[in-house]
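Observations on the model geometry
Take a look at the letters that make up each chain.
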Amino acid sequence: MDALNKTDWNDSSEQYSAVLEAVVWKKFDRWVLPMCTAMYLISFFDMNNIGNARIAGMQTALNISDYQYTMTLTSALVPYFAMELPSNLILKRIGPDRLLPTMVTMWGIAAAMQGFVTSYTGLLLCRFFLGLTQGGLFPGLVLYLSSFYPRERLQIRITTFFASASLTGAFSGLLAAAITKMNGMGGRPEWAWVFILEGLFTIVFGIFSFLILPRSPETARFLSLEERRYVVSKLKSSKSISEDDREDDFSWMEVLRAVRSPQVLMLCIVLFFGGTLLFGLAFFEPTIVAGLGYTGNRAQLMSVPPFIFAFLASVVSAFISDRYGCRGLTVIFFAIWCIIGFSMFYATTSRHVQYVSLFFSVTGAYASAPAEITWVANNSAPHVRRASSIALGSVASNSGGILAIWLLGSLSPGPNYTVATITFIAMSIGLVVVSSLNVFYLWRENCVKAKMRLSLVKEDELEHLGDRSAWFVYTL
């Protein structure tokens, strides 16, 4: 590590720095980002394919009521968000190259076992262990990537793996339509094969990822020593990692500071609203489409286009957000899309218009989510405070998911989902309001810090301030 700190890249030639700038991030994009994307893509497949299995006959085969189905979904999310903060706090100590692949392999086993259950109790237990082993993945991936990329390059990377979730919604329907043709093979019904095949693939990929995933930029085997030095210098200058490694040592005080940070608290509210919308559509969009009059394989296939559109919108908006540093405006823009989509669904009885409304609501929910969690990661430092903030935001998001499951699962029956739709409209408006308040707060804090820098020498500032330092500029 000392060798990585020797080079002062401020004194290096601009030409050589430009060459490194063009090379190092592309290497991360080739080695690190695809693995993170694949992990998150697989996690969404394994968590949400229960909706496709339901259409394929699981609920009838296991004799599960709508209330029991809702309990099944909840049983996965409770341990899921219970694991997020502890997992993030131990990620650096154990090493993401060990912990993340272990999670993937273990939840793959739980996912595959769903295809062998014969009762509601068996399904409930499998879902519980699925959530328990998968819970630390999302905050872990965000924290992991935030230690590889500067803050201004982070959202497009988070969007890349997060947008895979929208592709999951698309390909899950296509894959389920294909797998259902295996009905009766091996004595298993079509819905069981949805779980078994996808779970087996997850196990294989989890084992494979042990061999590929690097622990940190400093130990990445695909970087030369000069490239490692350059990356460390850039990450420190962008406040992605601390200048002093001792600042990243675990401290309960840093966890407490994360809990007390106004921007973290406001973004937890934002993520709660956004998580309610996101998980509601992730779990129930196939069921909503089926309620519009589509049946069987056609229902599976018609659930695909809104997710494809959401993926494209997510990628385009992430490029713009990274280019102009406008996390808050991105959230507000797509929250307005949600307002439009849910209002259309509520105001009309036309099934065609209600289907079109899904393009607005699904896109709004999926495209705003990467900006929300990137906003948290961008504005929290040092490492433990960032780890805690990301985990708290993810807990808030998944808590919203539990609300969505109950709203759409039993409290607001289909096909109109009236109570749920009104709630989603209100939460979309809440996204606009709270995001606007956070933008104003961070802008005001940046103005105060700018004045402090005029009258304060950096060396005279107190140590270990993290994002409260006058030299830490918040991302709006």
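A quick note: this is a predicted structure, and the numbers were derived from the prediction, not measured. (Residues numbered from 1 in each chain as written. Predicted model: local features only at pLDDT ≥ 70, side-chain atom pairs only at ≥ 80, totals over all residues. Heavy atoms only, no water.)

Side note on the overall build of the protein chain
Along the backbone of the protein chain there are 19 helices and zero strands. Since a compact globule built from 476 residues should have a radius of gyration of about 23 Å, the 22 Å found for the protein chain is in line with a globular shape. Its C-alpha atoms put the protein chain at 70 × 45 × 40 Å along the principal axes. Of the contacts made within the protein chain by residues no fewer than 6 positions apart, 81% connect residues no fewer than 24 positions apart. Charged side chains in the protein chain number 36 positive and 32 negative. The centres of these two groups are separated by 4 Å. (Helix = DSSP H or I, 4+ residues; strand = E, 2+ residues; numbered from the N terminus. Rg over C-alpha atoms; globule rule 2.2 N^0.38 Å. Contact = heavy atoms within 4.5 Å. Lys, Arg positive; Asp, Glu negative; His and termini not counted. Charge placed at Lys NZ, Arg CZ, Asp CG, Glu CD.)

Overview of the environment of proline 189
Mapped onto the elements, proline 189 comes out in the loop between helix H9 (154-179) and helix H10 (190-212). Placed 48 residues apart in sequence, proline 189 and leucine 141 show a C-alpha to C-alpha distance of 35 Å. In contact with proline 189, other than residues within four places in its own chain, are Asn183 and Gly184.

Comments concerning the packing of helix H13 (residues 262-291) against helix H18 (residues 383-411)
One way to put it is that H13 packs onto H18 with a least axis distance of 6 Å and a crossing angle of 40 degrees. Classed by the angle they form, the pair H13 and H18 counts as oblique. The handedness of the crossing between H13 and H18 comes out as right-handed. In terms of residue class, the contact of H13 with H18 is made up of 13 nonpolar, eleven polar and no charged. (Axes fitted to C-alpha atoms, helices over the stretch in contact; angles between N-to-C directions. Parallel < 35°, antiparallel > 145°, perpendicular 65-115°, else oblique. Left-handed = near helix turned anticlockwise from the far one by under 90°. Nonpolar A, V, L, I, M, F, W, Y, C, P; charged D, E, K, R; others polar.)

Digging into the packing of aromatic side chains
One pass over the full model with this rule turns up 26 aromatic pairs. For the pair phenylalanine 28 and tyrosine 149, a centre-to-centre distance of 5.9 Å together with 75 degrees between the ring planes defines the contact as edge-to-face. With phenylalanine 28 in helix H1 (residues 14-31) and tyrosine 149 in the loop between helix H8 (137-146) and H9, the pair connects residues that are 121 residues apart, well separated along the chain. Given the relative accessible area of 0%, tyrosine 149 is considered buried. In this structure an aromatic cluster arises from ring pairing among Tyr294, Phe309, Phe333, Phe334, Trp337, Tyr355, Phe359 and Phe360. The aromatic ring of tyrosine 69 is capped on one face by arginine 54, whose charged end is 4.0 Å from the ring centroid. (Phe/Tyr/Trp six-rings, centres within 6.5 Å; stacked < 30°, edge-to-face > 60°. Buried < 20%, exposed > 50% of the residue type's maximum accessible area, 1.4 Å probe, protein only. Lys NZ or Arg CZ within 6 Å of the ring centre and 35° of its normal.)

Some thoughts on empty space enclosed by the protein
Overall, the coordinates contain five cavities of 30 Å³ or more when judged by the stated rule. Considering only enclosed or pocket space, the largest cavity measures out at about 130 Å³ in volume. Lining the largest cavity are 17 residues, with Phe138, Phe162, Leu278, Phe279 and Ser397 sitting closest to its centre. Those elements that provide at least two residues to the lining of the largest cavity are helix H2 (33-55), H13, helix H17 (351-378) and H18. At five residues, the largest contribution of residues to the lining of the largest cavity is made by H13. Looking at the lining of the largest cavity, its residues break down into ten nonpolar, five polar and two charged. (1 Å grid on protein atoms, 1.4 Å probe; cavity = no way out; pocket = protein on both sides within 12 Å on 5 of 7 lines; lining within 4 Å. Points joined across faces, edges and corners; volume = space filled by probe spheres on them.)

Observations concerning the environment of valine 24
Tracing the chain through its elements places valine 24 in helix H1. Considered as a pair, valine 24 and serine 224 are 200 residues apart in the sequence and their alpha carbons are 9.5 Å apart. The contacts of valine 24, once residues within four sequence positions are left out, are Glu227, Tyr230 and Val231.

Some words on a nonpolar patch on the surface
Residues Met83, Leu125, Phe128, Phe129 and Leu132 make up a contiguous nonpolar surface patch of roughly 420 Å² in combined accessible area. Here leucine 132 shows up in helix H7 (residues 120-134). (Patch = residues over 30% accessible without salt bridge, like charges linked within 9 Å, V, L, I, M, F, W, Y side chains within 5 Å. Areas by Shrake-Rupley, 256 points an atom, 1.4 Å probe, with all protein chains shown as cover. Salt bridge = Lys/Arg side-chain N within 4 Å of Asp/Glu carboxyl O.)

Details of the nonpolar core
One finds Phe28, Met58, Leu100, Leu145 and Trp191 to be the most contacted residues of the largest nonpolar core, which totals 130 residues. Broken down by element, this core gets its largest block of residues, 16 residues, from H13. Setting aside chain neighbours within four positions, we find leucine 145 in contact with Val32, Leu33, Cys36, Leu154, Arg157, Ile158 and Phe161. (Core = buried A, V, L, I, M, F, W, Y, C linked by side-chain atoms within 4.5 Å.)

Side note on the pattern of salt bridges
Enumeration according to the criterion identifies eleven salt bridges in this entry. The salt bridge partner of glutamate 21 is lysine 234, with a shortest N-O separation of 4.0 Å. Here glutamate 21 is found in helix H1, whereas its partner lysine 234 is found in helix H11 (residues 225-237), with 213 residues between them in sequence. You can call lysine 234 partly exposed: its relative accessible area is 25%. A salt bridge links arginine 257 to glutamate 254, with the shortest nitrogen-to-oxygen separation between them at 2.9 Å. With arginine 257 and glutamate 254 both in helix H12 (residues 252-260) and three residues apart, the pair spans about one turn of that helix.

All we've got here are geometric facts, nothing functional implied.
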